[in-house]
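# A structural walkthrough
Read off the chains here:
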Amino acid sequence: MLLSLYRIVIFCLLSASFTVFSADVGTYLPKGAVYSEKVPTPESALGFGIGERHPRHDQVINYLEQVAASSTRLQIEEMGRTTQFRSQILLTISSPENLNNLEKILARRSDIAASAKDPIVVWLGYSVHGDEISGTNAAMVLAYHLAASQDKAVADMLNDTIIVIEPSINPDGMDRFVNWVATHSGITENSDPNHIEHHQNWRTGRTNHFGFDLNRDWLLLSQKESQNRLPYFHQYQPNVLGDFHEMGANSSYFFQPGIPTRTHPLTPEKNTELTRLLATYHAKALDEKERLYYSEESFDDFYYGKGSTYPDINGGIGILFEQASSRGLQQDTINGLLTFEYGIQNHVLTSLSTIEGAWKNQQKFKAYRQDFYQRAQKKASDENFNGYIFTETQDHYRLETFLNKLQQHQIKVYPLKQDYKINELTYFAQYSYYIPLEQPQYRVIKALFNQQQSFQDNTFYDVSGWTLPLAMNIKFAPVGRTWGLKTEEKPWQPSAVKAADVSKLAYAYAFEWHDFLAPKLLNKITKAKIKAKVATKAFSATVNGAVKTFEQGTIIIPAGTQQVENWRSILTDFAAKSQIALNALDTGLTAKGIDIGSSSFRPVSAPKVLLVGGKGVSQYEAGEILYYLDSLLEIPVTVVEMPRLTAINLADYSHIIMVDGRYNALDSKVQSELTSWLANGGVLFGQKRAALWFSEIELLKIDFVSKAHIDQLFDTDKLTYGDKEQLAGRKRIAGAIFQAELDVSHPLAYGYQNIKLPVFRNSTIIMEQTSQPFITVAKYSNVPLLSGYTDKNLVNRLANNPTLVAHNVGKGRIIASTDNLAFRGYFLGSMKIIANSLFFAKAFSANLAE
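Treat the numbers as computed from the prediction; the structure is a model and nothing was measured.

### Re the pattern of salt bridges
Applying the stated criterion to the full structure yields 37 salt bridges. In this structure, arginine 398 engages aspartate 395 in a salt bridge whose closest nitrogen and oxygen atoms are separated by 2.9 Å. Summarising the burial analysis for this pair, arginine 398 and aspartate 395 share the class buried. Between glutamate 512 and lysine 548 there is a salt bridge, with the nearest N and O atoms lying 3.4 Å from each other. Taken together, the residues span a long stretch of sequence, with glutamate 512 in the loop between strand E16 (508-511) and helix H16 (518-527) and lysine 548 in strand E19 (residues 546-550) at a distance of 36 residues. Connected through salt bridges with shared partners, the residues Glu132, Arg206, Asp213, Arg216, Asp462 and Arg824 form a single ionic network.

Now the structure itself:
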């Protein structure tokens, strides 16, 4: 095991080693190195030295652009823009000859044999968590060194190596953190860990604009930053990728390998061998500077959605680096004074060691990449099935989004040419696709579709189940024999969908609620004062000469009730932009079921949403709600921090959403106002601990399983102290996918045809079964675990218990879920329940029995 020999060091020696650096860039670089004066130093461009203060993102880009303009070794390119319109840049550094031939070199990357003679590619990504900013500063030092060094060894290395640097993976989060530190750091040095400089507000710099952890999004691709980067990753196809982070101030320095038993089984063993080989270079670099470090502890290599793991299923070696964080300019720690400069220096050292190790062992890494894809073909042919078939007949947006994600991962997907039946289900050619396993991205396909439930090690740093089609509620199945399966010869490509012409003289218009973006259209038209109603019963009507059945949840826009000028043009324009089909009805008399004038059509209105935020509330879950409503559905959301609730007139809002958080701090005045608002007609939605809090203050009439009861599920009589960590892992649900069963007749389930719905759970908050009729909207199935690890005791305790409940409180409605319905922005299957809570809460009535 690669553990530092310096774990026990005299305190004063540590303090000295933490403070030996100054702001001159030369102090971060090899002694005696000579640099070209044509290339500007960071301090000359920034106006201050590296480590003296935290540079803004625009200052970083300005400096790197100056380096690119002054050196023939470095190119700079914009990959895209963030939500806040900051530039995502990529540096490519190599010899002038390689850069002149870069287009041809990259074109050969997909031909594994042909590219074996080309330079090795090393990708270094920094500060995916924007408040872990030592990485971005190290990137500037590294760029200067590689562009300006006159050392022959550097020139020789660049002849054989293409180095790709992403200096700031999360520009929006970075600037949020920089502004915080600049605001709160003093003129006088202050290393007190309690100082406000080290304690950010609710929305920290760790996350992007919407509050997402971008280091979980490489596989899921819900966020713009990830979508912008991935084409470049697959263009360069790096042999080695370094992912540079920070961790708690009282730690030291970590580099992979991680915990050996927590490597995903799809990752070849040779990957870990090469990771260990590189680790010897990191150890040597840190040993020479007498730095503390460790490996094979704390961090795993399991979830493929991280920067250090995504390369592992794409023919490369991903390496995680973690530096103890000063989270500001300096901080007192158990290891002495930790400075910003010290953290930057460590990341510079391991950046250089990564490049050196990859370069000196380039033939091993190239051979590994070639073997990786050859073995993928062999493994695919050894499987007991040939591929996956999938379909979605009702929701064009979810299907297209799923296909786009697969394409971004370079997976070849083929449309069906004719209908195909498997497991008693017919896959209609118009809506169905096939993915053959025998293709280069075999391991990526397996990672996305895998439903593994048992593992060598049951403790997880992150989620254990993330199956993409389950998250997006896409029907899929493995295909054994492909006899009778006919597909198109060319893989799927996106195509524009032209909106069908709609009569401008219709009696009424209808659109169905199946499509993911139907709530977006409904919100737009209701905000435009166009009157709409929802069908609470099914009906059939004649459309274009044929009788069509409309399910519950269908939205009707009757012509006779409209008062807005040009409302038809507004409606058709909104529908076309939302890609939702409008159905023109010529009469109010339907062929079957309720007529258009029936009171079974309930009026709907645009919601006014308040989301409770602030300290104590999960910034991740709040961000997921914001992303879904604000970005995907374009529904405005007003975020109010908990301390400000006392000053807010709740009557101004139709809906209040509370995600996972600690709400016991809310005083009795807020609780009283919330209760009164709810009784007077408000709609209150709560998730996880918010739902539990609703029960504790007796707004939600359902009981929850106690922690003591959960503890009693586990026999501890024969356990030793060494079993403590394993027991804690068994008592957790770190992140797994379960099967819920919906009451599809309930308004909160409008738009769902199948009673089975995959949902994401990452807590042990469990509702008890209830004898109250009509309040359970969804419950877990009898055998609920679909993907990921959960101890059988917890699985059995969840079985048949409610996961989504709703009932009346006076004139209002309360809705509670124990699942994370919008998890990481990719659980498109369960998100609609949130939209239904906004539009259809008053379409149901479930009074509690006395």
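### Overview of the nonpolar core
Phe390, Phe511 and Met658 are the most contacted members of the largest nonpolar core, which has 179 residues in total. Membership of the second largest hydrophobic core comes to 68 residues, among which are Phe48, Leu124, Leu146 and Phe244.

### Things to note about the packing of helix H18 (residues 619-632) against helix H24 (residues 828-839)
Here H18 crosses H24 at 70°, and the two axes come no closer than 11 Å. Taken together, the axis directions place H18 and H24 in an arrangement best described as roughly perpendicular. Here the hand of the crossing between H18 and H24 comes out right-handed. Where H18 abuts H24, its residues Ile625, Tyr628, Leu629 and Leu632 lie against Met831, Lys832, Ile834, Ala835 and Leu838. Along the lines of polarity and charge, the residues of the contact of H18 with H24 split into eight nonpolar, no polar and one charged.

### Some remarks on the pairing of strand E7 (residues 317-324)
Note on strand geometry: in a regular strand, side chains alternate between the two faces of the sheet. Taken across its eight residues, E7 has eight buried, putting it largely inside the fold. Neither face of E7 is left uncovered, since the one carrying Ile317, Ile319, Phe321 and Gln323 and the one carrying Gly318, Leu320, Glu322 and Ala324 both have all their residues buried. Examined bridge by bridge, strand E5 (residues 240-247) and E7 share eight bridges and lie parallel to one another. Residue pairing for E7: phenylalanine 244 is matched across the bridge by phenylalanine 321. Examined bridge by bridge, strand E6 (residues 253-255) and E7 share three bridges and lie antiparallel to one another. Its bridge partner being in E7, tyrosine 253 is matched across the sheet by glutamine 323.

### What to know about the confidence of the model for the protein
Chain-level statistics for the protein give a pLDDT mean of 94 and a share of 97% at 70 or above. Low pLDDT, under 50, characterises residues 1-22; the stretch is placed with 51 contacts to residues that sit more than four places away or in other chains.

### A short note on the sheet that holds strand E14 (residues 432-436)
One open sheet holds the four strands; their spatial order is E11-E14-E10-E15, and the pairing between them is antiparallel. Whereas interior strands pair on both sides, the edge strands pair on one side only; in this sheet they are strand E11 (414-415) and strand E15 (475-479). The sheet contact formed by strand E10 (residues 387-391) and E15 spans five bridges and is antiparallel. Across the sheet, the residue bridging to phenylalanine 390 is phenylalanine 476, located in E15. Each of E10 and E14 touches helix H13 (residues 396-408); the most contacted strand, E10, lies at about 155° to it.

### With respect to the packing of helix H6 (residues 134-148) against helix H11 (residues 340-360)
Their axes nearest at 8 Å, the elements H6 and H11 cross at an angle of 50°. Classified by the angle between their axes, H6 and H11 sit oblique to one another. Remark: the crossing between H6 and H11 carries right-handed chirality. Here Ser134, Gly135, Asn137, Ala138, Val141, Leu142, His145 and Leu146 of H6 come into contact with H11, specifically with Phe340, Gly343, Ile344, His347, Val348, Ser351, Leu352 and Ile355.

### A look at the packing of aromatic side chains
Counted under the stated rule, the structure contains 42 aromatic pairs. Ring-pair connections join several aromatic residues into one group, and the members of that group are Phe385, Tyr388, Phe390, Phe402, Tyr433, Phe449 and Phe476. It is arginine 53 that lies over the ring of phenylalanine 48; its NZ or CZ is 5.3 Å from the centre. For arginine 81, the ring lying beneath its charged end belongs to phenylalanine 85, and the centroid distance is 4.5 Å.

### Quick notes on the layout of surface pockets
Estimates place the volume of the largest pocket at around 1,100 Å³. If you go around the largest pocket, you meet 34 residues; those closest to its centre are His396, Gln579, Ile580, Ala581 and Leu582. Of all elements in the fold, only H13, helix H17 (567-578) and strand E21 (583-585) reach the threshold of two or more residues within the lining of the largest pocket. Looking at the lining of the largest pocket, its residues break down into 15 nonpolar, ten polar and nine charged.

### Things to note about the side chain of aspartate 395
Structurally, aspartate 395 is set in the loop between E10 and H13. On the basis of relative accessible area, aspartate 395 is assigned to the buried category, the value being 1%. With residues near it in sequence (within four places) discarded, aspartate 395 still touches His514, Asp515 and Phe516.

### So, empty space enclosed by the protein
Leftover empty space is mapped by rolling, across the atoms, a probe with the size of a water molecule. One pass over the structure, following the stated rule, counts five cavities of 30 Å³ or more. The computed volume of the largest cavity comes to approximately 70 Å³. Considering the residues around the largest cavity, the lining is formed by Val612, Leu645, Leu650, Ile656, Met658, Leu666, Val670, Glu673 and Leu674. At the level of elements, strand E26 (655-658) and helix H19 (668-679) are the ones that each hand at least two residues to the lining of the largest cavity. Sorting elements by how many residues they give to the lining of the largest cavity places H19 first, with three residues. Within the lining of the largest cavity, the residues separate by chemical class into eight nonpolar, no polar and one charged.

### What to know about the environment of proline 42
When you line up the elements, proline 42 lands in helix H2 (residues 42-46). Judged by relative accessible area, which is 0%, proline 42 ranks as buried. When the C-alpha positions of proline 42 and glutamine 59 are compared, they lie 9.9 Å apart, and in sequence the two are 17 residues distant. Ignoring sequence-local partners within four residues, the contact set of proline 42 consists of Val25, Gly47, Phe48, Ile50, Tyr63 and Tyr144.

### Some points on helix H14 (residues 442-449)
In terms of burial, H14 is largely enclosed, as eight of its eight residues are buried. Of all the positions in H14, only Tyr442, Arg443, Val444, Ile445, Lys446, Ala447, Leu448 and Phe449 are classed as buried. Looking at the packing, one finds that the buried side of H14 touches helix H12 (362-382), E10, H13, E14, helix H15 (468-471) and E15.

### Some remarks on the pairing of strand E27 (residues 683-687)
Of all five residues that make up E27, five are buried, and the element is covered over most of its length. The alternating pattern of E27 places Val683, Phe685 and Gln687 and Leu684 and Gly686 on opposite faces, both of which are buried. Following the chain from E26 across H19 to the adjacent parallel E27, one finds a crossover that is right-handed. Taken together, the five bridges between E27 and strand E32 (residues 812-817) define a ladder with parallel strand orientation. Residue pairing in the sheet places phenylalanine 685 in a bridge with isoleucine 815 of E32.

Calculation criteria
Residues numbered from 1 in each chain as written. Predicted model: local features only at pLDDT ≥ 70, side-chain atom pairs only at ≥ 80, totals over all residues. Heavy atoms only, no water. Salt bridge = Lys/Arg side-chain N within 4 Å of Asp/Glu carboxyl O. Buried < 20%, exposed > 50% of the residue type's maximum accessible area, 1.4 Å probe, protein only. Helix = DSSP H or I, 4+ residues; strand = E, 2+ residues; numbered from the N terminus. Core = buried A, V, L, I, M, F, W, Y, C linked by side-chain atoms within 4.5 Å. Axes fitted to C-alpha atoms, helices over the stretch in contact; angles between N-to-C directions. Parallel < 35°, antiparallel > 145°, perpendicular 65-115°, else oblique. Left-handed = near helix turned anticlockwise from the far one by under 90°. Contact = heavy atoms within 4.5 Å. Nonpolar A, V, L, I, M, F, W, Y, C, P; charged D, E, K, R; others polar. Pairing = 2+ DSSP bridges. pLDDT = per-residue confidence, 0-100. Phe/Tyr/Trp six-rings, centres within 6.5 Å; stacked < 30°, edge-to-face > 60°. Lys NZ or Arg CZ within 6 Å of the ring centre and 35° of its normal. 1 Å grid on protein atoms, 1.4 Å probe; cavity = no way out; pocket = protein on both sides within 12 Å on 5 of 7 lines; lining within 4 Å. Points joined across faces, edges and corners; volume = space filled by probe spheres on them. Right-handed = clockwise from strand over helix to strand, strands pointing away.

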